[in-house]
Structures are given as structure tokens and as C-alpha cells.
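Summary of structural features
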Amino acid sequence: MTTATDRITLYYSPQSRATGTRVLLEELGAPYDLHILNMKAAEQRKAAYLAINPLGKVPAIRHGDALVTEQVAIFIYLADLFPQAGLTPALTDARRGPYLRWMAYYGASFEPAVIDHFMKREPAPITQSPYADYDTMLGTLEAQLAKGPYLFGEEITAADILWGIALNWTMMFGIVPKRDVFVRYAERIAARPAYQRITETDDEMAAQHAVAAGV
């Protein structure tokens with residue numbers, strides 16, 4: 001039987017989407033271990049890890065008998081596993097539906113939109129695109145965040161950890177414009193001690209991986 005006290009294994013590579021999951025684990029006070037993959041040496045494409053996630057992507061987590069991939073699913077799973085941390089609205093909370101909406105919006109709309117935009121790919125017709133169009137997708141997010149300081153007002157949730165880190169990275173690389181609402185929101189998340197701790201250790205680990213891979 002799997003319980004919340006069972007240690008979580010996080011399949012991890014620094015400066016990747018797995019960083020957000022590690023920050024969330026720290027915010028939740030969850031017991032976890034890292035299974036580190038050197039992506040600069042393409043360890044995520046080797047058979048051992050492809051048996052965990054055939055897509056060769058991180059993050060993935062193992063918790064008892066449960067194996068969870070997909071960043072949004074992992075965030076929902078972990079935040080629900082540790083409700084005492086206060087980062088997930090309960091099923092009876094009026095915010096639960098909107099919380100799930102914005103979790104799903106990240107994976108279903110934001111990620112495909114920013115990748116298409118970054119790759120300069122012609123978007124699908126608006127009636128067929130999962131995110132309508134890039135500007136509409138981003139404008140909808142901006143309108144929600146403008147209500148601030150977090151997605152649902154004064155109380156932070158796991159969704160804010162997901163979105164804050166994503167906006168920090170995508171603005172850093174110029175994929176998302178540095179609009180004032182986005183910048184202030186990302187700065188709130190980046191100022192949190194858990195984010196700063198993990199970012200510092202990520203920098204060190206990434207440098208070690210580069211040396212080991214001969215990059």
C-alpha cells in the first residue's frame with residue numbers, strides 16, 4: 001500500500017522541466033530522492049530510462065507502486081498527496097475547478113503555443129488549434145494573472161509554482177514577452193527560498209554534467 005510517507009523518487013536533470021517538480025517537492029516538505037540523469041550525455045535516451053518514460057522526458061516520479069509522468073499530472077498528484085502544505089484546493093473548495101483548469105491550460109494550451117511560436121511554425125487554423133492562437137492564449141493568461149498577486153488572489157497554489165517557473169524560463173529565452181504582469185508574477189515565485197535553493201544546486205549540477213559529458 002502506497003502512503004504519503006513513502007519516499008518519492010524524482011527522475012531528474014538540472015535546468016529542465018524537472019526543476020519545477022523539485023521546487024514543488026521542497027515547498028511541500030515531501031520526502032524524496034533524486035535519480036539523476038545527465039541529459040548532456042543523453043542518458044534520458046538510454047534503454048534504462050526509456051523503460052520508465054518511453055518519451056525520454058523528465059520529470060517522472062515513482063511513489064510506491066505509482067509511476068507518474070507528465071508535468072501537470074505530477075503537480076496535481078504531489079499537491080494532493082500533501083494537502084497539509086496548503087498548495088492544493090480541496091474538492092469542496094470553490095477554487096478546485098479553476099485550479100484544475102489552469103493546470104490543464106498549461107499543458108494543453110501554453111506549452112504547444114510557445115513551442116510553435118519558438119519554432120516559427122505556421123499555427124493550425126483557429127478552429128483546429130488546441131490553443132486558438134498565440135496572442136489569445138497569452139492574453140487570457142495575462143488577464144487572469146492581472147487579478148494577482150497569484151492565480152487565485154492572495155493564496156499561492158501548486159499551479160503558481162508551475163506557471164511562475166515556466167514564465168521565468170520562457171521570458172529568459174525570449175519565447176514569451178516580458179510584460180509587466182508576467183515579470184512581477186515570475187519574480188514572486190523566483191524570490192521564494194525553495195526556488196532559490198534549487199536554482200543554486202541546479203547551476204552546480206549542470207556544470208558538473210557538462211564536464212562529465214565533455215561539453
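What you see as residue numbers is a count from 1 along each chain, following the sequence as written. Per-residue local features are limited, in this predicted model, to residues with pLDDT of at least 70; the limit for side-chain atom pairs, both in listing and counting, is 80 or more; totals at the level of whole chains, interfaces and linings are taken over all residues. The basis for every side-chain value is the complete set of heavy atoms in the structure, and neither hydrogens nor water enter the calculation.

A short note on the overall build of the protein chain
Note the following rule: Helix and strand definitions follow DSSP, with helices as H or I runs of at least four residues and strands as E runs of at least two, each counted in order from the N terminus. When a residue's accessible area, from a 1.4 Å probe over protein chains only, is under 20% of the maximum for its type it is buried; when over 50% it is exposed; and in between it is partly exposed. We call two residues in contact when some of their heavy atoms are within 4.5 Å. Note on areas: Shrake-Rupley with a 1.4 Å probe; residue coverage comes only from the protein chains shown. The convention is simple: Lys and Arg are positive, Asp and Glu are negative, and His and the chain ends are not counted. Throughout, a charge is located at the NZ atom of Lys, the CZ atom of Arg, the CG atom of Asp or the CD atom of Glu.
A count of helical and extended segments in the protein chain gives 8 helices and 4 strands. Counting from the amino terminus, the protein chain carries its helices and strands in the arrangement β-α-β-α-β-β-α-α-α-α-α-α. Counting every position in the protein chain, which comprises 215 residues, the buried fraction comes to 47%. Here the contacts in the protein chain between residues at least 6 apart in sequence split such that 65% fall between residues at least 24 apart. Here the protein chain displays about 10700 Å² of accessible surface, and carbon together with sulfur accounts for 56% of that area. Across the protein chain, the centroid of the 20 positively charged side chains sits 3 Å from that of the 24 negatively charged ones.

Observations concerning the pattern of salt bridges
Worth spelling out the cut-off: A carboxyl oxygen of Asp or Glu within 4 Å of a side-chain nitrogen of Lys or Arg is what we treat as a salt bridge.
Taken as a whole and judged by the stated rule, the model has 9 salt bridges. Here Arg-17 makes a salt bridge to Glu-111, at a shortest N to O gap of 2.9 Å. Of this pair, Arg-17 sits in the loop between strand E1 (8-12) and helix H1 (18-28) while Glu-111 sits in helix H4 (residues 96-118); the two residues are 94 residues apart in sequence, bridging distant segments of the chain. Of the residues examined, Arg-17 reaches a relative accessible area of 40% and is grouped as partly exposed.

What to know about the pairing of strand E2 (residues 32-36)
In plain terms, the rule: Note: two strands are recorded as paired if DSSP finds a minimum of 2 bridges between them. Think of it like this: strands point away, you trace from the first strand over the helix to the second, and a clockwise trace means the crossover is right-handed.
Across 5 bridges, the pairing between E1 and E2 is parallel. Bridge pairing links Tyr-12 to Ile-36 in E2. Each parallel crossover has a hand, and the one from E1 via H1 to E2 is right-handed.

Notes on the packing of aromatic side chains
The following threshold applies: Here the aromatic set is Phe, Tyr and Trp, taking the six-membered ring for Trp, and pairing holds for ring centres within 6.5 Å; pairs whose planes are under 30 degrees apart are stacked, those over 60 apart are edge-to-face, and all others are tilted. Cation placement over rings: the criterion is NZ of Lys or CZ of Arg within 6 Å of the ring centroid and within 35° of the ring normal.
Inspection of the entire model under this criterion finds 8 aromatic pairs. Pairwise contacts between aromatic rings join Trp-102, Tyr-105, Tyr-106, Phe-110 and Trp-163 into one cluster. Sitting over the ring of Tyr-12, Arg-22 keeps its end group 5.3 Å from the ring centre.

Some remarks on unusual backbone geometry
Here Val-58 and Pro-59 are connected by a cis peptide whose omega angle stands at 10°. With respect to the helices and strands, Pro-59 occurs in the loop between helix H2 (47-50) and strand E3 (60-63). Pro-149 follows Gly-148 through a cis peptide bond whose omega is 0°. If you check the backbone angles, Ala-42 has positive phi at about 60° while not being a glycine.

Some details on H1
Among the 11 residues of H1, 10 are classified as buried, and the element is accordingly described as predominantly covered. Along H1, the residues that are buried comprise Ala-18, Thr-19, Gly-20, Thr-21, Arg-22, Val-23, Leu-24, Leu-25, Glu-27 and Leu-28. Considering only its buried residues, H1 is in contact with E1, E2, E3, helix H3 (71-81), helix H6 (158-172) and helix H8 (193-213). Looking one or two places after H1, you find Gly-29, whose phi comes out positive at around 65°.

With respect to the sheet that holds E2
Our working definition: Think of each axis as a best-fit line through the C-alpha atoms, taken over the contacting stretch in the case of a helix, with angles from 0 to 180 degrees between the N-to-C directions.
Within the open sheet, the 4 strands sit side by side as E2-E1-E3-E4. Their pairing is mixed. Each edge of the open sheet carries a strand with a single partner, namely E2 and strand E4 (66-69). Between one strand axis and the next, the sheet turns by 20° as a mean value, whatever way the strands run. Note: E3 against E4, 4 bridges, orientation antiparallel. The residue bridging His-63 from the neighbouring strand is Ala-66, located in E4. Along the sheet, H8 makes contact with E1 and E2, crossing E2 at roughly 25°.

Don't take any of this as a statement about function, it's just geometry.
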